[in-house]
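Residues per chain are reported as follows:
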Amino acid sequence: MRGHRAGRPLVPAYLSTEGVARPSRNSLERLSVLTSTAGPDPGELPPAQQALLGELEGGSLTVVEAAALLRLPVSAVRVLSAALIDQGLVTARPPVPSAGQPDHDLLKRVADGLRALKL
């Protein structure tokens, strides 16, 4: 018997969160950005939390990206992330609101103008 069916693990997601169904904080969204901190020594962590910390080493990921890399549902990664935030091992920041994102048309016009100056 194979360990995966259709690319998904056969282990239920609640086992990766040690039976916890809801995150300890509701502020984590799908596009929240997770970053590992140089916090206290993690000590003994469950394997799923260790795997998440390993993915965050040297960079940042959104909750959705972490879920894809760990092959877990987003809801399970939200629970794991919240537990790591509570321990001071991970920080999370909300996604950039659409009003704070650059206007792509304006950026294209600026780039075109700079190219025209170069000639």
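Just above sits the structure.
Residues numbered from 1 in each chain as written. Predicted model: local features only at pLDDT ≥ 70, side-chain atom pairs only at ≥ 80, totals over all residues. Heavy atoms only, no water.

## Brief notes about the side chain of Ser81
Here is step 1 of the chain: Tracing the backbone shows Ser81 in helix H4 (residues 74–86).
Here is step 2 of the chain: Since its relative accessible area comes to 1%, Ser81 is described here as buried. (Helix = DSSP H or I, 4+ residues; strand = E, 2+ residues; numbered from the N terminus. Buried < 20%, exposed > 50% of the residue type's maximum accessible area, 1.4 Å probe, protein only.)

## A look at the nonpolar core
Side chains that are nonpolar tend, in soluble globular proteins, to be buried together.
Here is step 1 of the chain: Ranked by size, the top nonpolar core spans 22 residues in total, and within it Leu52, Val77, Leu84 and Val90 carry the most contacts.
Here is step 2 of the chain: For this core, the secondary-structure elements that each account for two or more residues are helix H2 (47–56), helix H3 (63–70) and H4.
Here is step 3 of the chain: Considering each element in turn, this core owes the most residues, seven residues, to H4.
Here is step 4 of the chain: Beyond its immediate sequence surroundings of up to four residues, Val90 is in contact with Leu34, Thr35, Ser36, Thr37, Leu53, Leu56, Leu84 and Ile85. (Core = buried A, V, L, I, M, F, W, Y, C linked by side-chain atoms within 4.5 Å. Contact = heavy atoms within 4.5 Å.)

## Points about the sheet that holds strand E5 (residues 90–93)
Here is step 1 of the chain: Judged by pairing direction, the sheet is antiparallel, and its three strands sit side by side in the order E4-E3-E5 without closing on themselves. What marks the edges here is a single partner per strand, and that holds for strand E4 (60–62) and E5. Averaged over neighbouring strand pairs, the angle between their axes works out to 25 degrees when direction is ignored.
Here is step 2 of the chain: Taken together, the four bridges between strand E3 (residues 33–36) and E5 define a ladder with antiparallel strand orientation. Bridging across to E5, Thr35 finds its partner in Thr91.
Here is step 3 of the chain: Against the sheet, H3 makes contact with E3 and E4, and its axis sits at roughly 95 degrees relative to E4, the strand it touches most. (Pairing = 2+ DSSP bridges. Axes fitted to C-alpha atoms, helices over the stretch in contact; angles between N-to-C directions.)

Don't take any of this as a statement about function, it's just geometry.
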